[in-house]
Amino acid sequence: MSPEVLRQVKGIELRTRSLVNTLFTGEYRSVFRGQGIEFAEVRAYQHGDDFRAIDWNVSARMGTPFVKTFVEERELTLLLVVDQSGSLHFGRPASKAGMAVEVGAVLALAAARHSDRVGALLFADRVEHVIRPAKGRGHALRVIRDLIAFAPRGRGTNLAEALRYATKLLRHRAVVVVISDFRAEGWDEPLARLANQHDVVAITIDDSREVALPDAGWIELEDAETGRRVLVDTGHEGTRGRVRLAAERVFQERQRKLVRAGVDLVSLHTHIPYALPLRRAFAERARRMKRLMLAPGPALVLWALAAAGGDTPWVALPAGPTVGDTVWLTRVIAVAPEWRVRAAAFESQGDVAPLGEPVVTPGAGEDTIRYAVVAWTAGPHRLVLPTLWVVKAEGRSDSLAGGTVDLTVRSVLPADTAGLKPKALLPPVDLRPPSFWPPALAVLLAAVALVLTVRLRRRGPRPTAAAAELVLGGPAPDDRWLDAGEPKAVAARASRILREALARVVPDASASLPVREALAAAEGRMPGVTFRRIREALLTLDQVSYAVAHGADVAKVAADAREVAREIVTP
């Protein structure tokens, strides 16, 4: 370890010693109690006891008042989840990362002073360094040393992975303090899951220049995590206004996610010393934990919730929705341990309709109920919320009045469109061209293009192939086919030869036509004797092919057919 790091550790210890002494003296256990308070026994009421500690069930059975007594968990585990991404290395007069280190040092020294276990988890775009919880001042100084000397290898922010890692790291219920600017995506669900198992405190650190840009003219801004650069005119009032609105939307969305996750929130800024906001936040937390410790019996809890039901207002977010926007109706109800709130479904009221089922998020001593609704008409709306139920695990329950909420919905049309006046009719369109020559030139060019296209696409006459010589014989003579007992083959070959010859002389008598159609096409176009010989030969050969001619001399008929074919094709 370098001497410079040792000097920084010593300096932080000296600066934070007075804050640790004044902030947590006598109040550390009440501030970081979580689930460390366990019921011990009941005893008879004595003069001076707090009446809020009365056990009403035991008092009703015994006939005299009894109070609850509690024991405090002897050992507490504190885990610091510290963000060291690129976005935290920004701020003035101190960077957000430097303030995160000092706040972590205060909490580590306070835990060591009360003999509690303390650990740390440092992350950027991934978890890079983990210090497992342990006791002792030396271990607390080691945590501070690692916070100072830690140099992240990445520049991005992966808060969701760090929260999931913390959930797996802690075996028993502990206090988890998350120190970050929460400039990341997808961390709300892992944070809610971590808060269901542990007592979580979220400490946000912001810088004023992230909201209000100084008027410094044209400056080049660089994203500390992605390295992207952009040139901004900070002297333009509209630009500064857009930056401020975008930052406020980011902060509101972050606040909504933290409230929904059910964690305690501490907001710090780099230009304000952190001691006073930290002291106020933890003092309020100590008072709230004390009220939960002295929670009255179930009967009085139900009575108090029923009496306070009308005083707990519903909050509609966003504050100025327009028609069609999703509006969240949120209400926070304080409940005693082992009691939970159940919400009934919201029914449509006029032009206001629900968007899904209600969402109930349990927290430390309070449950958050949220309804998602949408309004389809502009103007004021008064909504009557359904009855809420307070239920205990053993089966006891009671109801709370749902109450009402007023909602004003703005129209999506701009306000300056109400007094619009229709414009005068446009004059008729004049289709006459300003000059005669452009249309004439266009027609001429179109005619030239048409002529060229026709000439290029016109096809020349196809060359006709010379007629092949008519083959009157075959690979085997007729007598061999007849000796083999195949007169049909001889008749078919002779018929084909004669029909091909006939088709050469009379094109209409195609060789593909049946015999009778071919003869009908050739009749009257040939001499009578020749046509009669062709007809007799073709009909006889056709009958032989279909085995309907008996006693015909196939060899003689085939030879006559070849002779006629030779005569009609010979010029």
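Residues numbered from 1 in each chain as written. Predicted model: local features only at pLDDT ≥ 70, side-chain atom pairs only at ≥ 80, totals over all residues. Heavy atoms only, no water.

### Details of helix α8 (residues 237-261)
For α8, built from 25 residues, the straight-helix expectation of 36 Å at 1.5 Å per residue is met to within 8% by its first-to-last C-alpha distance of 36 Å. Among the residues of α8, those classed as buried are Thr-239, Gly-241, Ala-247, Phe-251, Arg-254, Lys-257, Leu-258 and Ala-261. Remark: Gly-262 follows α8 within two positions and exhibits a positive phi of approximately 75°. (Helix = DSSP H or I, 4+ residues; strand = E, 2+ residues; numbered from the N terminus. Expected span 1.5 Å × (residues − 1). Buried < 20%, exposed > 50% of the residue type's maximum accessible area, 1.4 Å probe, protein only.)

### Structural notes on the pairing of strand β10 (residues 264-269)
Taking every second residue as pointing to the same face, the buried face of β10 carries Asp-264, Val-266 and Leu-268, while none of Leu-265, Ser-267 and His-269 on the other face is buried. As paired elements, strand β7 (residues 199-206) and β10 share six bridges and run parallel to each other. Along β10, the bridge assignment pairs Asp-206 with His-269. (Pairing = 2+ DSSP bridges.)

### Remarks on the pattern of salt bridges
Counted by the stated rule, this structure contains 17 salt bridges. Ionic pairing is found between Asp-146 and Arg-145, a salt bridge with its closest N-O pair at 3.0 Å. Residue class for Asp-146 comes out buried when judged on its relative accessible area of 10%. Of the residues examined, Arg-145 reaches a relative accessible area of 26% and is grouped as partly exposed. With a closest N to O distance of 3.1 Å, Arg-533 and Glu-567 form a salt bridge. Taken together, the residues Arg-533 in helix α15 (residues 528-545) and Glu-567 in helix α16 (residues 554-569) connect sequence positions 34 residues apart. (Salt bridge = Lys/Arg side-chain N within 4 Å of Asp/Glu carboxyl O.)

### Structural notes on the side chain of Glu-128
Within the secondary structure, Glu-128 sits in strand β5 (residues 127-134). Of the side chains with opposite charge, Arg-153 comes closest to the buried, unpaired Glu-128, at an N-O distance of 4.4 Å. Within polar-contact distance, the side chain of Glu-128 engages the backbone nitrogen of Arg-153 at 2.9 Å. Non-local contacts of Glu-128, meaning those with residues more than four positions away in its chain, are made with Leu-122, Phe-123, Phe-150, Ala-151, Pro-152, Arg-153 and Gly-154. (Lys, Arg positive; Asp, Glu negative; His and termini not counted. Polar contact = N/O pair within 3.5 Å; in protein donor to acceptor, adjacent residues only side chain to side chain. Contact = heavy atoms within 4.5 Å.)

### Remarks on the packing of α15 against α16
Direction vectors running N to C along α15 and α16 enclose 140°, while the axes themselves pass 10 Å from each other. Between α15 and α16, the interaxial angle falls into the category oblique. Along this stretch, α15 crosses α16, giving a crossing that reads as left-handed. Contacts between α15 and α16 involve Thr-530, Arg-533, Ile-534, Ala-537, Thr-540, Leu-541 and Val-544 from the former and Val-554, Val-557, Ala-558, Ala-561, Glu-563, Val-564, Glu-567 and Ile-568 from the latter. Grouping the constituent residues of the contact of α15 with α16 by class yields 10 nonpolar, two polar and three charged. (Axes fitted to C-alpha atoms, helices over the stretch in contact; angles between N-to-C directions. Parallel < 35°, antiparallel > 145°, perpendicular 65-115°, else oblique. Left-handed = near helix turned anticlockwise from the far one by under 90°. Nonpolar A, V, L, I, M, F, W, Y, C, P; charged D, E, K, R; others polar.)

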